[in-house]
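# An overview of the molecular structure
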Amino acid sequence: MQKLIIPNGSCPVILNTYFCQKVVAKEDSKTAHAVHSWDTPLPRRSIILAQMFRFKSLTNNSPENQVMCGGHTTVGTDWTLRHEQAELGFPARAPLRDSLLDAVESQGVATWSGAGVRVVVQRVYSLRCRCQQADGTDPPGVRVCLLVQDALGLFSEVRSEGAVLKDRELEGKSCRLAGMKVLQKVTRGRMTELFSLIDTMWPPVAPLKAPGHGPAFEEKTHLPPPSFCYILTAHPNLGQIDAIEEDSISKLYQPPIPRFLREILQTDGPCTRCSFYARVIYQRPQVNSLLLEPREVWLVVTDATLQAQGEGLGLPRTVPVCVAPSCVLGQEVRDALSEAASKSFFFRDALRDQGQVVCVGRTVLLLPKPQLGVASGAWELTSPVRLDELDSVTRVNSICSVQGAVVAVDESTACSWPACDLCGGERLERRPEDRGAFSCGDCSRVVTSPLLRRHLQVFLDCPLRPQCTVRVKLLQHSISSLLRFAACEDGSYEVRSVLGKEVGPITCFVRSITTRPACVGLEEVELLSEGGASSAHRWQPQDP
């Protein structure tokens, strides 16, 4: 929106400038013809089927190769690329535009015709949408998008329809855009996440072309960041995104620069993007590769720089990363996460804001590959994972090590139940005809000696949080270790028999933190290992 103040006017005029037509006053006739002829479609050509399929029985001189169109006879010629482009309405050898803005101004909201625009593809990612792909190539509600930049520095996001961008490696390449349509014009205030990604590619790494139609390029040292961006969509039939070999505009490409986690945590800014390699040591909840419904997932990650840091730097050894529902995970990444094993990933263009690392829309998770440009072993772990102890700076959704004495037991939630001693299933049904034995609903086996599962939450007195109530939900092996010397013959126990017992160190996930009253809610968990089993050290109490 713009405000127009008219001299001697009674009030200002508000203009909607999202789509506007450029008017050139006193334009040179030769220049105007050269510029506007780019958008002039060629006359409709009549192409017979014999030419399209190259039937040898019908030659160019045969009378069958003449067709009537609009009262005029058209004689067929050889089928060339020129005819294919003419049928689509694109000039065969029209020069490409350098400016996306000129194309938008000349075409408005209509689908682009005429020559295409030369751009460089800065990023390729997927975004969620409300549509269903007609060809079924992508998951429901997901479309592939390109973030492109023209020779003048303007960015646009191209959202594909159908399979226009399916399985095409276009990032970093020069492309020709044609058959586009403007969906909307967005500004920084309307789409902060998009512009936080654009800011990582600004200022340009190569000179930008000066406005106009000349070949001159200009070098600017203090360029203001882009303030607007056009959202484009590729027409299902007319949309063309073709790679251009060895074009100078590809010099504008700025690949994501991976950084170590320690560097990222030391340089915090409002709504900035960052890329890094890290190993996932815990995830919550477990990712299912077959479920495509978007949901929030927390990944606790670390790298060599955080694990090797000395004391006193004030940085955590692990970092919780929130994968928002807007972040689209590829099938390869979902499969890797569903294996419940500790794996390394490349987090490309994650959002760092207010101390949190979030994977949002336009963030891409990839499995590390040698060609991504990081020295082997520079970020990988070479020793077992070290955790921070629970203290006053511990944050929600993080992982910490906890140790303390039991001061109370939550008897209101304490309970026990039987489980199958073979498969561990908990769907047991009592069989009166078998003298109280159980039947397992999972493995269909008669269970005569069921396992006893327990639910137990205890309150600990932790030295590093002396004025805080620390509530911990224990795992089965910790409950068994704690009650090993306190259980009665019938399986019950007395609360006073566990008071004062030392628990830990155990690995816990921080579920909640409150200040009034000061309370920390923890849940004991097991870290992932490279083989898929738990890598956590299991605490065992000493014999009394």
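Our subject is the structure listed above.
Residues numbered from 1 in each chain as written. Predicted model: local features only at pLDDT ≥ 70, side-chain atom pairs only at ≥ 80, totals over all residues. Heavy atoms only, no water.

## Considering helix α8 (residues 331-338)
Of the residues making up α8, those classed as buried are Val333, Arg334, Ala336 and Leu337. Along α8, the residues classed as buried sweep out an arc of 160 degrees about the axis, all on the same side. Next to the buried residues of α8 lie β14 (272-284), β15 (297-302), β17 (344-353) and β19 (364-366). Two residues or fewer after α8 comes alanine 340, characterised by a positive phi angle close to 55 degrees. (Buried < 20%, exposed > 50% of the residue type's maximum accessible area, 1.4 Å probe, protein only. Helix = DSSP H or I, 4+ residues; strand = E, 2+ residues; numbered from the N terminus. Arc of directions from axis to C-beta. Contact = heavy atoms within 4.5 Å.)

## Here we look at the packing of aromatic side chains
Both the distance between ring centres and the angle between the ring planes are used here to describe each pair of aromatic rings. A complete count under the given rule lists 6 aromatic pairs for this structure. A centroid spacing of 4.8 Å and a plane angle of 15 degrees characterise the contact between phenylalanine 276 and phenylalanine 347, whose relative ring orientation is stacked. Within this pair, whereas phenylalanine 276 is found in strand β14, its partner phenylalanine 347 is found in strand β17, the two being separated by 71 residues in sequence. Grouping residues by exposure puts phenylalanine 276 and phenylalanine 347 together as buried. Ring pairing ties together the aromatic residues Tyr277, Phe346 and Trp379, which thus form one cluster. The positively charged end of lysine 185 is found above the aromatic ring belonging to phenylalanine 228, 4.5 Å away from the centroid. (Phe/Tyr/Trp six-rings, centres within 6.5 Å; stacked < 30°, edge-to-face > 60°. Lys NZ or Arg CZ within 6 Å of the ring centre and 35° of its normal.)

## Examining the pattern of salt bridges
Across all of its chains, the model carries 21 salt bridges by this definition. The partner of arginine 511 in a salt bridge is glutamate 523, and the shortest N-O contact between them spans 3.7 Å. Within this pair, whereas arginine 511 is found in strand β28 (residues 502-515), its partner glutamate 523 is found in strand β29 (residues 518-524), the two being separated by 12 residues in sequence. Among the charged side chains, a salt-bridge network with shared partners connects Asp98, Arg118, Lys209 and Asp247. (Salt bridge = Lys/Arg side-chain N within 4 Å of Asp/Glu carboxyl O.)

## Overview of the sheet that holds strand β26 (residues 457-461)
As summarised here, the arrangement of the 5 strands in space is β20-β26-β27-β29-β28, forming a closed barrel in which the pairing is mixed. When strand polarity is set aside, the average angle formed by the axes of neighbouring strands in this sheet is 55 degrees. (Pairing = 2+ DSSP bridges. Axes fitted to C-alpha atoms, helices over the stretch in contact; angles between N-to-C directions.)

## Overview of the layout of surface pockets
The calculated volume of the second largest pocket comes to roughly 650 Å³. As for the second largest pocket, its lining consists of 29 residues, and the residues nearest its centre are Leu315, Pro316, Arg317, Asp388 and Val393. Put simply, the parts of the chain that give the lining of the second largest pocket at least two residues each are β16 (319-323), β18 (356-359) and β20 (399-409). For the lining of the second largest pocket, a count of residues per class yields 13 nonpolar, 9 polar and 7 charged. (1 Å grid on protein atoms, 1.4 Å probe; cavity = no way out; pocket = protein on both sides within 12 Å on 5 of 7 lines; lining within 4 Å. Points joined across faces, edges and corners; volume = space filled by probe spheres on them. Nonpolar A, V, L, I, M, F, W, Y, C, P; charged D, E, K, R; others polar.)

So far we have only geometry, and geometry alone does not tell us how the molecule works.
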